[in-house]
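The primary structure of each chain is shown beneath.
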Amino acid sequence: MTIFLYGQESYRIGQKLSELIHGYKAKNPSGLNLVNLDFAENKIDDFFEAAKSDSFIPEKKLIIIKNIEKTDSEKLLKFMKSWNLGKREDVILIVVSFRDADKSKLFQYLISKPNQSQNFKLLKEYEVKNWAKKFLDSFEVQLTGEALDFLISNCGHDPWRIDSEIRKIANYSTQGGSASGGKIKGVISKSQAEELVVPSREHNIFEL
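Residues numbered from 1 in each chain as written. Predicted model: local features only at pLDDT ≥ 70, side-chain atom pairs only at ≥ 80, totals over all residues. Heavy atoms only, no water.

## Comments concerning the packing of helix α5 (residues 125-138) against helix α6 (residues 145-155)
Then comes step 1: Remark: α5 packs on α6, axes separated minimally by 11 Å, with the N-to-C direction vectors making an angle of 115°. In this view, α5 runs roughly perpendicular relative to α6, as classed from their interaxial angle. Crossing of α5 over α6 shows right-handed handedness. Across the interface between the two elements, V128, K129, A132, K133 and L136 of α5 pack against L148, D149 and I152 of α6.
Then comes step 2: By residue class, the composition of the contact of α5 with α6 is 5 nonpolar, no polar and 3 charged. (Axes fitted to C-alpha atoms, helices over the stretch in contact; angles between N-to-C directions. Helix = DSSP H or I, 4+ residues; strand = E, 2+ residues; numbered from the N terminus. Parallel < 35°, antiparallel > 145°, perpendicular 65-115°, else oblique. Left-handed = near helix turned anticlockwise from the far one by under 90°. Contact = heavy atoms within 4.5 Å. Nonpolar A, V, L, I, M, F, W, Y, C, P; charged D, E, K, R; others polar.)

In structure tokens, the structure reads:
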């Protein structure tokens, strides 16, 4: 089986990858057959060796390869086809690229059946807000509409920053304190969010 995760939204790709790894470990708890490679650091031969080697124990093998654009795409494509990794049941291959699809033979092969592929495009403003609301709900934390707008505009629609700031707000909320030492109860207001959220450089310029 081959799973292809690609697109510019690195945060959600990371979340999906973690979900797949968690699911794999639940069924294959030893972790001995999990191989994580990044072509920004590893050579293509490291992948070939991992794919060809026998499993240490009778469990499925999970191989993750990232940054495929940093290796020989023709060589990689030839190997995938010759070993028919898309139809193998004993090997799960997860391919990750933080770029949009292009017309290269490798990309076209990875997004075609029987491979499973998912494109993670940059979220639009309303999609970021909906995602942020759900993430806040997971911590049982509520922000007023103004506070949520401030959070998103200040973070520049960056899910990585929004994640960090929401976790910080949730931590202060559950601990019952704010940055200035006051109590946070109920729905968090914009003024309370302004105390907690680290101002971005762009936001500071705008305020000035």
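From this point, the discussion proceeds with the structure in view.
## A word on the confidence of the model for the protein chain
Then comes step 1: Chain-level pLDDT for the protein chain is 87 on average; 89% of the residues reach the 70-or-more range.
Then comes step 2: No element of the protein chain has a lower mean pLDDT than helix α9 (residues 201-207), which averages 46, and none a higher one than strand β1 (residues 2-6), which averages 97.
Then comes step 3: Counting contacts from residues 178-184, a segment whose pLDDT is below 50, to residues more than four positions away or on other chains yields 18 contacts. (pLDDT = per-residue confidence, 0-100.)

## Describing the sheet that holds strand β5 (residues 116-119)
Then comes step 1: In spatial order, the strands read β2-β3-β4-β1-β5; together these 5 strands make up an open sheet with parallel pairing. Edge positions in the sheet fall to β2 (34-38) and β5, since each of these pairs with one other strand and no more. Put simply, the sheet's adjacent strands are angled 10° from each other on average, direction ignored.
Then comes step 2: When strand β3 (residues 61-66) meets strand β4 (residues 91-97), the two strands line up parallel, connected through 6 bridges. From the neighbouring strand, I64 faces β4, where its bridge partner is I94. (Pairing = 2+ DSSP bridges.)

## Thoughts on the pairing of β1
Then comes step 1: Of all the 5 residues making up β1, 5 are buried; the element is thus mostly covered by neighbouring parts of the structure.
Then comes step 2: Residues T2, F4 and Y6 point to one face of β1 and I3 and L5 to the other, with burial holding for every one of them.
Then comes step 3: Where β1 lies against β4, 5 bridges are found, and the strand directions are parallel. Note that in β4 the partner of T2 across the bridge is L93. (Buried < 20%, exposed > 50% of the residue type's maximum accessible area, 1.4 Å probe, protein only.)

## Some details on unusual backbone geometry
Then comes step 1: Here the residue pair K113 and P114 is connected by a cis peptide bond, since its omega of 5° sits within 30 degrees of zero.
Then comes step 2: Along the polypeptide, P114 turns up in the loop between α4 (105-110) and β5.
Then comes step 3: Here the phi dihedral of N84 falls at roughly 50°; this positive angle occurs in a residue that is not glycine.
Then comes step 4: Relative to the helices and strands, N84 is located in the loop between α3 (73-83) and β4.
Then comes step 5: Look at N84 and you get partly exposed, because its relative accessible area is 39%.

## Some thoughts on the pattern of salt bridges
Then comes step 1: Applying the stated criterion to the full structure yields 7 salt bridges.
Then comes step 2: Note that E165 and R161 form a salt bridge whose closest N and O atoms lie 3.5 Å from each other. With E165 and R161 both in helix α7 (residues 159-175) and 4 residues apart, the pair spans about one turn of that helix.
Then comes step 3: Within this structure, R161, E165 and K168 form a network of salt bridges that share partners. (Salt bridge = Lys/Arg side-chain N within 4 Å of Asp/Glu carboxyl O.)

## Quick notes on the side chain of D163
Then comes step 1: Examined against the element boundaries, D163 turns out to sit in helix α7.
Then comes step 2: In this structure, D163 is in contact with Y11, W131 and F135, ignoring residues within four places of it in sequence.

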